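Survey of secondary and tertiary structure
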Amino acid sequence: MPLRFFLIEDDAAVRKMLEKIITENQLGEVVGQAEDGLDVSADQLYSVDVVLIDLLMPGRDGIQTMKKLKEEGFTGQFVMISQVENKEMVGQAYLHGVDTYIQKPINRHEVVAVLKRVAEHISISHSLHSIRQLLQTLDQANTPPSPLQQNKQTQLEQQAQHLLLLLGIAGESGASDLLLIMRWLAEKEKQGQTIHELPPLKELYTELVRQTHAPYDDESAIQKEVRAMEQRIRRIVLQAFTHLSSLGLTDYTNPTFEHFAPRLFDFAEIRRRMKELEAGEKTTKCRINVRKFLTAFYMEIKK
């Protein structure tokens, strides 16, 4: 799947050059840009895989910006871009989350090579996550389910997969997390709880991560995966939100749009996103209620 990039660079010419290199070499899509880190928050980076960030910027430098975004929950990759040759400063950048480094002045071949390596790393990480989820799912049941239980579980997951396709998010890395949450809701309902009793989302993610991680994993690894799950879920919800808004913008009478937009999201926010898309805005300032989406998604696949 093509990567989604966000550029934080005070030089407009460099931003334009980077976007051209990314587009012409089919490395992905630049979904947003900023000239410094002051006005960038993790909420703007729902759908972003990689942030290309300048080390020295007015207002807030690259290291300060990375620290802020990581504290807010962004778990994507950072690629530092700068002409700074101070080894101590570059070392600090790596300590604070830079995954790799591109030297200025910008060299097309270096940019392509670095971003291809980053894409391979992300692909491998997603594959390992999917494998881990699969192995945990296979280990969860101590006894085989009855034919009736097996049929219900299969039917629930089939409905979930169908809805993922309708919402244009079947290929997202958060799809396996979403299915895990749906299984958790089904189990809680079987125990007599209602799905409206969802715990705070961070508590839910923490419980699921503890279930799916080996018991010897340390707390820092657990919390890192909790933040990663939160980011994947937020991204997949945003993708569904944008997909439905795009359908409505193209055809307001589209049955998928008519049925799911008001059920999964606040319809006023859907209309705002439609206006953003019409204006060509790739990022969004809309508010998205993840809790409502998860509850409504579960209600839909139960039908």
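Each value, and the rule that gives it
- Residues numbered from 1 in each chain as written.
- Predicted model: local features only at pLDDT ≥ 70, side-chain atom pairs only at ≥ 80, totals over all residues.
- Heavy atoms only, no water.
- Patch = residues over 30% accessible without salt bridge, like charges linked within 9 Å, V, L, I, M, F, W, Y side chains within 5 Å.
- Areas by Shrake-Rupley, 256 points an atom, 1.4 Å probe, with all protein chains shown as cover.
- Salt bridge = Lys/Arg side-chain N within 4 Å of Asp/Glu carboxyl O.
- Lys, Arg positive; Asp, Glu negative; His and termini not counted.
- Charge placed at Lys NZ, Arg CZ, Asp CG, Glu CD.
- Helix = DSSP H or I, 4+ residues; strand = E, 2+ residues; numbered from the N terminus.
- Buried < 20%, exposed > 50% of the residue type's maximum accessible area, 1.4 Å probe, protein only.
- UniProt positions renumbered as here; feature names shortened; annotations may be inferred.
- Contact = heavy atoms within 4.5 Å.
- Core = buried A, V, L, I, M, F, W, Y, C linked by side-chain atoms within 4.5 Å.
- Expected span 1.5 Å × (residues − 1).
- Arc of directions from axis to C-beta.
- Polar contact = N/O pair within 3.5 Å; in protein donor to acceptor, adjacent residues only side chain to side chain.
- Phe/Tyr/Trp six-rings, centres within 6.5 Å; stacked < 30°, edge-to-face > 60°.
- Pairing = 2+ DSSP bridges.
- Axes fitted to C-alpha atoms, helices over the stretch in contact; angles between N-to-C directions.

On the surface, Lys70, Lys202, Lys224 and Arg227 cluster together to form a positively charged patch. Counting through the fold element by element, Lys202 comes out in helix α7 (residues 201-212). Of the residues examined, Lys202 reaches a relative accessible area of 53% and is grouped as exposed.

Here the focus is the UniProt feature "modified residue: 4-aspartylphosphate" (unreviewed entry) in the protein. Taken from the UniProt record, the annotation "modified residue: 4-aspartylphosphate" (unreviewed entry) applies to Asp54. Mapped onto the elements of the fold, Asp54 is located in strand β3 (residues 50-54). Excluding residues that lie within four positions of it along the chain, Asp54 makes contacts with Ile8, Glu9, Asp10, Gly62, Met80, Ile81, Ser82 and Lys104.

What follows covers the nonpolar core. Counting 47 residues, the largest nonpolar core has Leu167, Tyr205, Phe265, Phe293 and Phe297 as the members making the most contacts within it. Of all the elements in the fold, those that place two or more residues in this core are α5 (147-166), α6 (175-190), α7, α8 (219-250), α9 (255-264), α10 (267-278) and α11 (290-302). Here the element with the most residues in this core is α8; it accounts for 10 residues. Residues within four places of Tyr205 in sequence aside, it is in contact with Ile181, Val226, Met229, Glu230, Ile233, Val290 and Leu294. Within the second largest apolar cluster, 21 residues are counted, among which are Leu7, Ile106, Val114 and Val118.

Our next topic: α10. Because each turn of an α-helix spans 3.6 residues, side chains separated by three or four positions end up pointing in the same direction. Taking 1.5 Å of rise per residue, the 12 residues of α10 would be expected to cover 16 Å, and the 16 Å separating its terminal C-alpha atoms lies within 8% of that figure. By the burial criterion, the buried members of α10 are Glu269, Ile270, Arg273, Met274 and Glu276. Viewed along the axis of α10, the buried residues span an arc of 160°, placing them on a single side of the element. Exposed positions of α10 whose direction lies more than 90 degrees from the buried face are Lys275 and Glu278. Two or three places before Ala268, at the start of α10, stands the capping residue Asp266, its side-chain oxygen 2.9 Å from that residue's backbone nitrogen. Positive phi appears at Gly280, one or two residues downstream of α10, with a value of about 85°.

Okay, α11 next. Counted at 1.5 Å a residue, the expected span for α11 with its 13 residues is 18 Å, and the 19 Å between its end C-alpha atoms agrees. Residues of α11 that are buried include every one of Val290, Phe293, Leu294, Thr295, Ala296, Phe297, Tyr298, Glu300 and Ile301, and no others. For α11, the side-chain oxygen to backbone nitrogen distance between the N-cap and Arg291 is 3.1 Å, and the N-cap itself is Asn289.

Under the defined criterion, the tally for this structure stands at 7 aromatic pairs. Ring centres 5.1 Å apart and planes at 65° place the aromatic pair Phe241 and Phe265 in the edge-to-face group. Residue Phe241 is found in helix α8, and its partner Phe265 is found in the loop between α9 and α10; the two are separated by 24 residues along the sequence. Taken as a pair, Phe241 and Phe265 share a single burial class, namely buried.

This part takes up the sheet that holds β3. Strands sit in the order β2-β1-β3-β4-β5 across an open sheet of 5 strands; the sheet is parallel. Each edge of the open sheet is held by one strand with a lone partner, namely β2 (28-34) and β5 (98-103). Ignoring strand direction, the axes of neighbouring strands in this sheet form an average angle of 25°. Seen against the sheet, helix α1 (residues 12-24) touches β1 (3-8), β2, β3 and β4 (77-82) and runs at an angle of roughly 165° to β2.

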